[in-house]
Amino acid sequence: MHSLEHPKLACGHLVQFRSDGPSLLGSRCRRCDELYFPAARSCTRCSGNDLEAWPLGSEGLLWSWTIQGYLPKAPYDSGETDADFTPYGVGYVEMPSGIKVESRLTVADPAALRIGMRMALTLEPYRVAPDGEPIFTYAFAPALPAAA
Ligand SMILES: [Zn+2]
């Protein structure tokens, strides 16, 4: 398979790079069709363990959200401290298949977020590796300008 140049991710197994951009990668139970994100090795619905990697797409609808206003507890590891932490949005995005994905949001302004709005997958700088290389994480951004 041809390997595309792409940024280093804190969560490489969660994102698949395709010719049209990144897509979330989950898994699907071959027995009962249940979807998982992050990908699971066994199915909690039917107790099966025959799961396959399953692309979840790159766009969905904002299902619920909040603003993370303080530094999250471990294992969150952005390198930030209480002094330089910047609040960010976090929410659930409902993908076309119906699965709800928890994600960081690029927007931290309550006035710019609305349940049901279209959201698009993107990559955001998350922290800097010891060698100076920036590490990215997946996030969702509003897919359309907010209504005036
Ligand atoms: Zn199953």
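Heads up: the structure comes first, above all this text.
Residue positions are given per chain, counted from 1 along the sequence in the order it is written. Reporting in this predicted model follows two pLDDT cut-offs: at least 70 for local features of residues, and 80 or more for side-chain atom pairs to be given and counted; totals over whole chains, interfaces and linings ignore these cut-offs and use all residues. For the side-chain quantities, the full set of heavy atoms in the structure was used; hydrogens and water were omitted.

K.L.:
Just to check I follow, could you spell out the pattern of salt bridges for this structure?
P.N.:
Pairs can form between side chains of opposite charge once their charged atoms are near each other. Should a side-chain nitrogen of Lys or Arg be within 4 Å of a carboxyl oxygen of Asp or Glu, the pair is scored as a salt bridge. Tallied over the entire structure, the rule returns nine salt bridges. A salt bridge links Arg28 to Glu52, with the nearest nitrogen and oxygen atoms 2.6 Å apart. Linking Arg28 in strand 2 (residues 21–29) with Glu52 in strand 4 (residues 51–57), this pair joins segments that are 24 residues apart in sequence. As far as the burial class goes, Arg28 and Glu52 line up, both buried. Connected through shared salt-bridge partners, Arg28, Arg30, Asp33, Asp50 and Glu52 make up one network. Think of it this way: any DSSP run of H or I at least four residues long counts as a helix, any run of E at least two long counts as a strand, and we number them from the N terminus. With a 1.4 Å probe rolled over the protein chains alone, any residue whose accessible area is under 20% of its type maximum counts as buried; one over 50% counts as exposed, and the rest are partly exposed.

K.L.:
Help me out: how do you make sense of the layout of surface pockets in this one?
P.N.:
The probe, sized like a water molecule, is rolled over the atoms to show the empty space still left. Estimated volume of the largest pocket: approximately 620 Å³. With a 1 Å grid spanning the protein atoms alone, the term cavity applies to any set of points in which a 1.4 Å probe fits but cannot get out, the term pocket to an open set with protein on both sides within 12 Å along at least five of seven lines, and the term lining residue to any residue with an atom within 4 Å of a point. Along its surface, the largest pocket is lined by 20 residues, and Tyr76, Tyr88, Tyr126, Thr137 and Tyr138 are the ones closest to its centre. Residue assignment for the lining of the largest pocket shows that the elements contributing at least two residues are strand 6 (88–94), strand 7 (100–105), strand 8 (118–128) and strand 9 (134–142). Element by element, the count of residues in the lining of the largest pocket is highest for strand 7, at three residues. Polar here means any residue outside two lists: the nonpolar Ala, Val, Leu, Ile, Met, Phe, Trp, Tyr, Cys and Pro, and the charged Asp, Glu, Lys and Arg; Gly therefore counts as polar. For the lining of the largest pocket, a count of residues per class yields 12 nonpolar, three polar and five charged. Grid points are joined across faces, edges and corners, and a volume is the space filled by probe spheres set on the points.

K.L.:
Sorry if this is basic, but what is going on with unusual backbone geometry here?
P.N.:
It is generally the case that most residues other than glycine have a negative phi and that most peptide bonds are trans. Looking along the chain, the bond that leaves Phe37 and enters Pro38 is cis, with omega of -5 degrees. In this structure, Pro38 sits in the loop between strand 3 (35–36) and strand 4. A positive phi angle, near 70 degrees, is found at Asp33, a position not held by glycine. As for its position among the elements, Asp33 is in the loop between strand 2 and strand 3.

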